[in-house]
Amino acid sequence: MPVINRIAAFEADMTGWRRHLHAHPELGFECHKTANFIADRLRNFGVDEIHEGIATSGIVALIRGRAPGPTIGLRADMDALPMQERSGVDHASRAVGRMHACGHDGHSTMLLGAARYLSETRNFSGSVALIFQPAEEDGGGGGRMVEEGIMDRFDITQVYALHNAPGLPEGTFRTVPGPLMAAVDTLHVHIRGVGGHAATPHVTRDPIPAVIGIVSAIQTIGTRNADPLDDLVISVTQIHTGSAENVVPETAYINGTVRTFDPAVQDLVEERLRAIVAGQAAAYGVEAELIYERWYPATVNNPEKAAFAADVARTISGEVLWDDGKEMGAEDFSFMLNARPGAFLFLGQGATAPVHHPEYDFNDSIAPVGASFFARLVETAQPLKTGQEES
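Only a predicted model underlies this, so the values are computations on that prediction, with no experimental measurement involved.

(A) How the structure looks around the overall build of the chain. Tallying secondary structure elements over the chain gives eleven helices and 16 strands in all. Its C-alpha atoms put the chain at 85 × 45 × 35 Å along the principal axes. Looking at the chain as a whole, 54% of its 391 residues are labelled buried. When contacts within the chain are restricted to residue pairs at least 6 apart in sequence, long-range pairs at least 24 apart make up 82% of them. Accessible surface for the chain amounts to roughly 16,000 Å². Of this, 49% is attributable to carbon and sulfur atoms. Each charge class in the chain was averaged separately, 30 positive and 50 negative side chains, and the resulting centres sit 4 Å apart.

(B) Inspection of the sheet that holds strand β8 (residues 183-192) at higher detail. Pairing in this open sheet of four strands is antiparallel, and the strands run β10-β12-β8-β13 from one edge to the other. If you trace the sheet from one side to the other, it starts and ends with β10 (232-241) and β13 (287-294), each paired once. Pairwise comparison of adjacent strand axes, ignoring direction, gives a mean angle of 15° for this sheet. Sheet analysis places β8 next to β13, joined by eight bridges and oriented antiparallel.

(C) Geometry of the packing of helix α4 (residues 104-121) against helix α11 (residues 367-381). Viewed as axis vectors pointing N to C, α4 and α11 meet at an angle of 45°, and their least axial separation amounts to 8 Å. When the interaxial angle is binned, α4 and α11 end up oblique. Seen along the crossing, α4 lies across α11 with a hand that is right-handed. In this structure, α4 uses T109, M110, L111, G113, A114, Y117, L118 and T121 to contact α11, whose residues at the interface are A367, G370, A371, F374, A375, R376, V378 and E379. In the contact of α4 with α11, the residues fall into ten nonpolar, four polar and two charged.

(D) The arrangement of the packing of aromatic side chains in detail. Within this structure, the stated rule accounts for seven aromatic pairs. Each ring, one from W17 and one from F45, has its centre 5.6 Å from the other, and the planes form 45°; the classification is tilted. Taken as a pair, W17 in helix α2 (residues 11-23) and F45 in helix α3 (residues 32-45) lie far apart in primary sequence, 28 residues in all. Comparing W17 with F45, the two get one shared label, buried. When the centroid spacing of 5.2 Å and the interplanar angle of 40° are considered together, the rings of F173 and F373 count as tilted. In this pair, F173 sits in strand β6 (residues 173-175) while F373 sits in helix α11, placing the two residues 200 residues apart along the sequence. For F173, a relative accessible area of 0% translates into the label buried. The buried category is assigned to F373, whose relative accessible area is 0%. One aromatic cluster is present, formed by F173, F373 and F374 through successive ring pairs. Its guanidinium or amino end placed over the ring of F37, R41 lies 4.3 Å from that ring's centre, counting from NZ or CZ.

(E) Just the side chain of N363, in detail. Tracing the backbone through its elements, the reader meets N363 in the loop between β16 (342-348) and α11. Side-chain polar atoms of N363 contact the side chain of S365, separated by 2.7 Å. Look past the residues within four positions of N363 in its chain and what remains in contact with it is E170 and Q349.

Rules used in this analysis
- All chains use their own residue numbering, which begins from 1 and follows the written sequence.
- Reporting of local features is limited, given that this is a predicted model, to residues whose pLDDT is at least 70; pairs of side-chain atoms are given and counted only at 80 or more, and all residues count toward the totals for whole chains, interfaces and linings.
- Calculation of side-chain values draws on the structure's entire complement of heavy atoms; hydrogens and water are dropped beforehand.
- To qualify as a helix, a DSSP run of H or I must reach at least 4 residues; to qualify as a strand, a run of E must reach at least 2; elements of each kind are numbered from the N terminus.
- Accessibility here uses a 1.4 Å probe with only protein chains present; expressed as a share of the type maximum, an area under 20% marks a residue as buried, one over 50% as exposed, and anything in between as partly exposed.
- Residue contacts follow a heavy-atom distance rule, with two residues in contact if any of their heavy atoms lie within 4.5 Å.
- Areas reported as accessible are Shrake-Rupley estimates using a 1.4 Å probe. Residue values count occlusion only from the protein chains shown.
- Here the positive residues are Lys and Arg and the negative ones are Asp and Glu; neither His nor the chain ends is included.
- Working definition for charges: the position is that of NZ of Lys, CZ of Arg, CG of Asp or CD of Glu.
- When DSSP locates at least two bridges between a pair of strands, those strands are taken to pair.
- Angles shown run from 0 to 180 degrees and are taken between the N-to-C directions of axes, each axis being a line fitted to C-alpha atoms and, for helices, limited to the stretch in contact.
- For this classification, under 35 degrees means roughly parallel, over 145 means roughly antiparallel, 65 to 115 means roughly perpendicular, and everything else is oblique.
- Two helices crossing with the near one rotated counterclockwise from the far one by less than a right angle form a left-handed crossing, whereas a clockwise rotation gives a right-handed crossing.
- As a working rule, the residues Ala, Val, Leu, Ile, Met, Phe, Trp, Tyr, Cys and Pro are called nonpolar, Asp, Glu, Lys and Arg charged, and the rest polar, with Gly in that last group.
- Stacked, tilted and edge-to-face are the three classes applied to pairs of Phe, Tyr and Trp rings, where Trp contributes its six-membered ring and a pair requires centres within 6.5 Å; stacked means planes under 30 degrees apart, edge-to-face means over 60, and tilted covers the rest.
- Each ring is checked for a lysine NZ or an arginine CZ that lies within 6 Å of its centre and within 35 degrees of its normal; such an atom marks a charge sitting over the ring.
- Under this definition, polar contacts are N or O atom pairs within 3.5 Å; protein pairs additionally need one hydrogen-donor-capable and one acceptor-capable atom, and for neighbouring residues in sequence, both atoms have to be side-chain atoms.

Take it as geometry only, folks, not as evidence of what the structure does.
And the structure:
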């Protein structure tokens, strides 16, 4: 792979940064120690500006090129997951119940590597905005950073991000010119009946039949209400009720996730859920409340920017899976793509444990590949004109 020589020269440093971050994971918006570590590196690199505390612990750092021009945004997420690590590596998480199981430590490291190179060389016009974002896993930190005005405040005109991909050959990029990842919504159903002795169910209002009816009816939304050609997944993932074999419970709870690409399909799902919950509650004589939360929108690449990013990726690895299909996972970089044109790409890290798995660990060998991609993206998108190289 034609990794930039200068970036290859500090691969060992990048491995050290990444493993430090891996050993000290933080959750959600509370990525303060992670942000401090990143900001210290950025200061050492000599970036021009560092703006901290955005969306609680996020950072936007600016590097100015050698000539006037627009600002390109590069984003990396920083947060970890609330799960126990079982990787067995020397740099495993030192925090009980927290681990970098999605590779955000690697994403931050790749952007740090690009920052170091771009700060040294500055072979581009305009500026680059390095966006280090908290709360991708839960909380929508990308949306918060947009709401707090980073796109306008830093005059960002286009924005890009990478995500590691276990199972994809090491160093291979993948992206699509349009919808890439689904919107994600969450459903909560709270049911209240009248509890009592299981030997006298006629004097109770049992919430369990209502649970069974609601969950069964939910399955008909995709098979009987939505167009079969629509992209739709509804998964009920939690049911909680009851405490003993001889007690009819008073309450029950249903939780699930909805994945779509089309806002009209989102509207259909919510409408049908409300009708189903109300109808089943009436049928079984219980009270039921649906809380439907719309979270991350669909991640939709700008076709021109995705094609441009794929061309840059080919100069780094030669291997790009183009227009390889969308998936039902979700990503809050979608908020940034809704605010500015850009693209989201996957970078293969080989045959490793999957993300969100307790044995997962980021593959350090792909960090220089990702850093080189970010650097070349800036230099290609905002090149110096003839005569500006010496300025």
